Amino acid sequence: KKSGDGWGGKGARIVLILPFGKVSATTTTFSWSKPEASAPYQLVILDESDKAIHSITVQDTFAQIALQDLNLSADQLYRWKVSMAGSKPLESNQLSFALGSAEDHARILKNAGSSPLASSTQSPSLRALVEAVALEKGEWFYDAAQTYANTKQQNDPMVRMMHAAFWMRYGFRRLAEKAARG
């Protein structure tokens, strides 16, 4: 009998999902898996010296954080983690993120849009996949995940497979299975 892996309300682990890599200084959704224990969750953002620079308590497995309000520096790496207090306290792994520049983001999307593959097709799905892959290659993983998810709504099997492959590359088998099913 499986003990659970911290997904779907089973197990004693909290697994962080997004964000990691480069993010924009905008409102960003931080998300993680649901362990067996019940909420509340404490999300903490740490700077390079392990100083907590933001903390929030939420009841669900996500929190929207207005990064633009946190006075973050573009040249610094930040980490975040989630914990739960209680009789059996839990603490997640940590993920790192940095603020990416709007110029870098725009350059990546411009290059993707003018690539031979994107410019040779009329398919919105294929053009979006090219953008998602370019964002992922540029380490804009949060934006890549959003692009895959938004494009998946077009119910294209190729998009579902690419979205699933994205999650598999980062070790999220359950999310990959969900993406593949549509």
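Look up: the structure comes first, before these words.
The structure presented is a predicted model; accordingly, all values stated were derived computationally and were not measured.

Conventions used here
Residues numbered from 1 in each chain as written. Predicted model: local features only at pLDDT ≥ 70, side-chain atom pairs only at ≥ 80, totals over all residues. Heavy atoms only, no water. Pairing = 2+ DSSP bridges. Helix = DSSP H or I, 4+ residues; strand = E, 2+ residues; numbered from the N terminus. Axes fitted to C-alpha atoms, helices over the stretch in contact; angles between N-to-C directions. Parallel < 35°, antiparallel > 145°, perpendicular 65-115°, else oblique. Contact = heavy atoms within 4.5 Å. Nonpolar A, V, L, I, M, F, W, Y, C, P; charged D, E, K, R; others polar. Salt bridge = Lys/Arg side-chain N within 4 Å of Asp/Glu carboxyl O. Buried < 20%, exposed > 50% of the residue type's maximum accessible area, 1.4 Å probe, protein only. Left-handed = near helix turned anticlockwise from the far one by under 90°. Phe/Tyr/Trp six-rings, centres within 6.5 Å; stacked < 30°, edge-to-face > 60°.

(A) Examining the sheet that holds strand β6 (residues 62–66) more closely. If you trace the three strands from one edge of the open sheet to the other, you get β1-β3-β6, paired in antiparallel fashion. Two strands bound the open sheet, and with one partner strand each, they are β1 (16–18) and β6. The average angle at which neighbouring strand axes cross in this sheet is 30°, direction not considered. Sheet analysis places β1 next to strand β3 (residues 27–32), joined by two bridges and oriented antiparallel. Paired with L18 across the strands is S31, a residue of β3.

(B) Examining the packing of helix α5 (residues 157–169) against helix α6 (residues 173–181) more closely. Where α5 contacts α6, the axes come no closer than 8 Å and their chain directions differ by 180°. Regarding the angle of α5 to α6, the classification is roughly antiparallel. Taken together, the residues of α6 that come into contact with α5 (itself represented by R160, M161, H163, A164, W167 and M168) are R173, L175, A176, A179, A180 and R181. For the contact of α5 with α6, the class distribution of residues is eight nonpolar, one polar and three charged.

(C) Region of interest: the pattern of salt bridges. For the structure on display, the rule yields six salt bridges. The salt bridge partner of K22 is D104, with a shortest N-O separation of 3.2 Å. With K22 in strand β2 (residues 21–23) and D104 in helix α1 (residues 102–113), the pair connects residues that are 82 residues apart, well separated along the chain. Here K22 falls in the partly exposed class, since its relative accessible area comes to 25%. Residue class for D104 comes out buried when judged on its relative accessible area of 14%. The partner of R79 in a salt bridge is D50, with the nearest N and O atoms 1.9 Å apart. You can see R79 sitting in strand β7 (residues 77–84) and its partner D50 sitting in the loop between β4 (41–46) and β5 (52–58), a full 29 residues away along the chain. One salt-bridge network, in which partners are shared between bridges, spans K22, D104 and R107.

(D) Layout of the pairing of strand β9 (residues 95–99). Buried residues dominate β9, accounting for four of its five residues. Sheet topology places β2 next to β9; three bridges connect them, and they run parallel. Looking at the pairing, G21 lines up with F97 of β9. In the sheet, β7 pairs with β9 via four bridges, with the strands oriented antiparallel. By the bridge assignment for β9, W80 is matched with L95.

(E) Local environment of the packing of α1 against helix α3 (residues 124–137). Between α1 and α3, the least distance of the axes is 9 Å, while the angle of their chain directions is 140°. With respect to α3, the element α1 is oriented oblique. Crossing of α1 over α3 shows right-handed handedness. Contact residues: H105, I108, L109, A112 and G113 in α1; R127, V130, E131, A134 and L135 in α3. Looking at the contact of α1 with α3 residue by residue, the class counts come to six nonpolar, two polar and two charged.

(F) Local environment of the packing of aromatic side chains. Taken as a whole, this structure holds 12 aromatic pairs when the rule is applied. Where F20 meets F141, the ring centres are 4.7 Å apart and the plane angle is 25°; that geometry is what we call stacked. Placement of the pair is F20 in the loop between β1 and β2 and F141 in helix α4 (residues 141–152), with a sequence separation of 121 residues. We classify F20 as buried; its relative accessible area is 11%. Given a relative accessible area of 11%, F141 falls into the buried group. On the basis of an interplanar angle of 80° and a centroid distance of 5.8 Å, the ring pair of F30 and F97 is categorised as edge-to-face. Of this pair, F30 sits in strand β3 while F97 sits in strand β9; the two residues are 67 residues apart in sequence, bridging distant segments of the chain. By relative accessible area, which is 0% here, F97 ends up buried. Here the aromatic residues F20, F141, Y148, F166, W167, Y170 and F172 are joined through ring pairs into a cluster of three or more.

Keep in mind that these numbers describe shape and distance, not what the molecule does.
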